[in-house]
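Understanding the architecture of this molecule
Now for the letters of each chain:
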Amino acid sequence: MMDDEVASKKKKTVRLVDSTGIDLDSYIANYSGHGTVDRLVYIATRCVPLQVEAYTAALNELKTTLNVQRYLQVHTKLNDLLALHGKPAVSVDTLWVDATQKQARAKTDKLEAELKNYKTNAIKESIRMGYKDLGDHYYDCGDLPKAMKYYSQMRDYCTTSKHMLDMCLNVIKASLELGNFPHVQSYVLKAEATPDLAENAVAKGKLKCSMGLTKLDNAEYKRAARFFLDTSFELGNNFNDIISPNDIAIYGGLTALATFDRQELKSKVFDNSDFKQFLELKPHIRELLESFYNSKYVQCLELFDRMKNDLLLDVFFSNHVEVIYDLIRKKALVQYFSPFLSVDLNRMAKAFNTTVALLEPELAGLIMEGQIAARIDSLNKVMKVKETDQRCDTFRKAISVGDSYRSQSRALVLRMTLMKADMIVTDGSRDDSRRGKAYYGAMPGTFSP
């Protein structure tokens, strides 16, 4: 559930990254189609050292598509950036632009004519394919709203559950790119109701990832973690125009670490055979999880710090990096203190590689939130467990038991009184064989003589 603090942190201004360990070529090799362009442009808008390289790579990728409009937009941004650095501008490939626009128009006319012909013949399967072809075409052209329109119109012409599943997956993919996450959730539920889904591990993986991204966007981190952890490794690269297997390891690992307790980490992360295969792709995420589980909190937080800039360049995860880091740090502080009756703040500050002056407000915040039941002795720099008054606690329990006993006794006395007076409450469906007794039959809880 998203609280005000999480929501405010999520809406922070875009943060520029001055340094990163990302190798752009190897990073982008994990994606295909729109996913490649989306991530290149996202990196270009946030990472100063990689801006020119990312925009140039995005232009080259766009020239393999029909998306002329986005090509021109990225080209303008690249030239603005080059002008800012006093470098010569890159010229527009007008031959490619003209040829691609002509090709796109011709294909649009052809597909629309075919669809019109299919409607005239009233063949449902042909009409469905006509809408799908037009949706795919507009998707390739980068016109996502029109692609969504045609994908959605397939629904009236789906004759099998496989067709319905295919329609839902197309709508989900377009909705994810548009950032329309409520729409994603709606179509995931429709897809999950199709009988063919049980035999399709790849489709199930796509739906799990889609729901995980939806919950992540809404800052429901625990639910997001469960969806990513339930994703089968059979998904492979079949959804890498949206999310790669490496991303599943990152999103699932970090959201689980931020929200799961130790038992859940053991059973749902470390003992999860599918997710262990995802973690093999990102060894530093596995190392971070193991560090936390083995109570090496400083090592865990240092690993997170080292990868923070890379995470800030992730199209889906960047808005959540600081929130996730805070949740993990708070959890580490709580777990560090949990075995002790009192802790020296100087030693605790040393264990977390910080100062007492910075640590004390953090601990005070956790105490105010009720995550740590303790009190801080600021003079002696000691935090002690808040002692419970056993005498008062015993009296409270005794009063509670007395109230419960009194309530049960009154109910028993009332029942006995009704039975003694032969007053019976029925639903009126049985024959009244007790004509000599006072009979009250009606709806349950009502009386009618």
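Worth saying up front: this structure is predicted, and the values here are computed from it rather than measured. (Residues numbered from 1 in each chain as written. Predicted model: local features only at pLDDT ≥ 70, side-chain atom pairs only at ≥ 80, totals over all residues. Heavy atoms only, no water.)

In this section: the overall build of the chain. Each helix and strand counted, the chain has 21 helices and five strands in total. A globule of 449 residues ought to have a C-alpha radius of gyration of about 22 Å, yet the chain, at 31 Å, is considerably larger. In terms of overall dimensions, the chain has C-alpha extents of about 95 × 75 × 35 Å along its principal axes. Of all 449 residues assigned to the chain, the portion counted as buried reaches 42%. A fraction of 59% describes how many contacts in the chain between residues 6 or more apart in sequence connect residues 24 or more apart. Separation between the mean location of the 62 positive side-chain charges and that of the 58 negative ones in the chain comes to 6 Å. (Helix = DSSP H or I, 4+ residues; strand = E, 2+ residues; numbered from the N terminus. Rg over C-alpha atoms; globule rule 2.2 N^0.38 Å. Buried < 20%, exposed > 50% of the residue type's maximum accessible area, 1.4 Å probe, protein only. Contact = heavy atoms within 4.5 Å. Lys, Arg positive; Asp, Glu negative; His and termini not counted. Charge placed at Lys NZ, Arg CZ, Asp CG, Glu CD.)

This part takes up the packing of aromatic side chains. Within this structure, the stated rule accounts for 14 aromatic pairs. Considering the side-chain rings of Phe275 and Phe278, the 6.3 Å spacing of their centres and the 50° angle between planes classify their relative orientation as tilted. Of this pair, Phe275 and Phe278 both sit in helix 15 (residues 273-281), three residues apart, which is roughly one turn of the helix. On the accessibility criterion, Phe275 (0% relative accessible area) is buried. Since its relative accessible area comes to 1%, Phe278 is described here as buried. These aromatic residues form a ring-pair network of at least three members: Tyr131, Tyr138, Tyr150 and Tyr157. Against the face of Tyr42 rests Arg46, its NZ or CZ located 3.8 Å from the ring centre. (Phe/Tyr/Trp six-rings, centres within 6.5 Å; stacked < 30°, edge-to-face > 60°. Lys NZ or Arg CZ within 6 Å of the ring centre and 35° of its normal.)

Ranked by internal contacts, the top residues of the largest apolar core, which has 121 residues, are Leu213, Ile243, Leu254, Val269, Phe304, Ile328 and Leu363. Residues in contact with Val269, not counting those within four places in the same chain, are Leu229, Ala256, Phe260, Glu264, Phe275, Lys276, Leu279 and Leu289. (Core = buried A, V, L, I, M, F, W, Y, C linked by side-chain atoms within 4.5 Å.)

Okay, the pairing of strand 2 (residues 374-377) next. Note: strand 2 against strand 3 (residues 382-385), four bridges, orientation antiparallel. Residue pairing for strand 3: Ile376 is matched across the bridge by Met383. Hairpin remark: strand 2 followed by strand 3, antiparallel, with four residues in the connecting loop; positive phi at Lys381, about 55°. (Pairing = 2+ DSSP bridges.)

This part covers the packing of helix 12 (residues 221-229) against helix 13 (residues 245-259). Close contact between helix 12 and helix 13 brings their axes to 8 Å; oriented N to C, the two are set at 135°. Looking at the two axes, helix 12 sits oblique to helix 13. Crossing hand, helix 12 versus helix 13: left-handed. The residues of helix 13 that touch helix 12, namely those facing Tyr221, Lys222, Ala224, Ala225, Phe228 and Leu229, are Ile248, Tyr251, Gly252, Thr255, Ala256 and Thr259. Considering only residue class, the contact of helix 12 with helix 13 consists of eight nonpolar, three polar and one charged. (Axes fitted to C-alpha atoms, helices over the stretch in contact; angles between N-to-C directions. Parallel < 35°, antiparallel > 145°, perpendicular 65-115°, else oblique. Left-handed = near helix turned anticlockwise from the far one by under 90°. Nonpolar A, V, L, I, M, F, W, Y, C, P; charged D, E, K, R; others polar.)

Right, let's talk about the side chain of Thr36 for a bit. By the secondary structure assignment, Thr36 is in helix 3 (residues 34-46). Overall, the relative accessible area of 4% leaves Thr36 in the buried class. Thr36 has contacts with Ile28, Tyr31 and Glu61, leaving out every residue within four places of it along the chain.

Moving on: the environment of Asp247. Mapped onto the fold, Asp247 is located in helix 13. Classification of Asp247 as buried rests on a relative accessible area of 2%. Between the alpha carbons of Asp247 and Leu281 there is a distance of 9.6 Å; along the sequence they are 34 residues apart. The residues contacting Asp247, other than those within four sequence positions of it, are Tyr31, Arg39, Gly252 and Asp314.

Enumeration according to the criterion identifies 21 salt bridges in this entry. Residue Lys266 pairs with Asp271 through a salt bridge whose shortest N-O separation is 3.0 Å. We classify Lys266 as partly exposed; its relative accessible area is 35%. In this structure, the salt-bridge partner of Lys381 is Glu360, at a minimum N-O distance of 3.0 Å. With Lys381 in the loop between strand 2 and strand 3 and Glu360 in helix 20 (residues 356-368), this pair connects stretches of sequence that are 21 residues apart. (Salt bridge = Lys/Arg side-chain N within 4 Å of Asp/Glu carboxyl O.)

A sheet is described by the order of its strands in space; here three strands give the open sequence 1-3-2, paired in antiparallel fashion. Of all the strands in the sheet, just strand 1 (342-344) and strand 2 have a single pairing partner and so form its edges. Shown here is a sheet whose adjacent strand axes are inclined to one another by a mean of 15°, direction ignored. Relative to strand 2, helix 20 is tilted by about 150°, and along the sheet it contacts strand 2 and strand 3.

For the rest of this paragraph, the subject is the confidence of the model for the chain. On average, the chain scores 86 in pLDDT, and the residues at 70 or more come to 90%. Across the chain, element-level confidence peaks in helix 12 with a mean pLDDT of 96 and bottoms out in helix 1 (residues 4-10) with 41. Within the model, pLDDT remains below 50 along residues 1-12, and this stretch shows 17 contacts once partners closer than five positions in the same chain are excluded. Scored below 50 in pLDDT, residues 433-449 shows 24 contacts in the model against residues more than four places distant or in partner chains. (pLDDT = per-residue confidence, 0-100.)

This part covers helix 18 (residues 321-337). For helix 18, spanning 17 residues, the distance from its first C-alpha to its last is 25 Å, which sits close to the expected 24 Å at 1.5 Å a residue. In terms of burial, helix 18 is a largely internal element, 12 of the 17 residues being buried. Burial in helix 18 covers these residues: Val321, Val323, Ile324, Tyr325, Ile328, Arg329, Lys330, Lys331, Ala332, Leu333, Gln335 and Phe337. (Expected span 1.5 Å × (residues − 1).)

Relative to strand 3, strand 1 runs antiparallel, the two being bridged by three bridges. What sits directly across from Asp344, in strand 3, is Val382.

Side chains of Val14, Leu16 and Val48 sit close together on the surface and give an oily, nonpolar patch of about 250 Å² of accessible area. Its location among the elements puts Val48 in the loop between helix 3 and helix 4 (51-62). The partly exposed category is assigned to Val48, whose relative accessible area is 39%. (Patch = residues over 30% accessible without salt bridge, like charges linked within 9 Å, V, L, I, M, F, W, Y side chains within 5 Å. Areas by Shrake-Rupley, 256 points an atom, 1.4 Å probe, with all protein chains shown as cover.)

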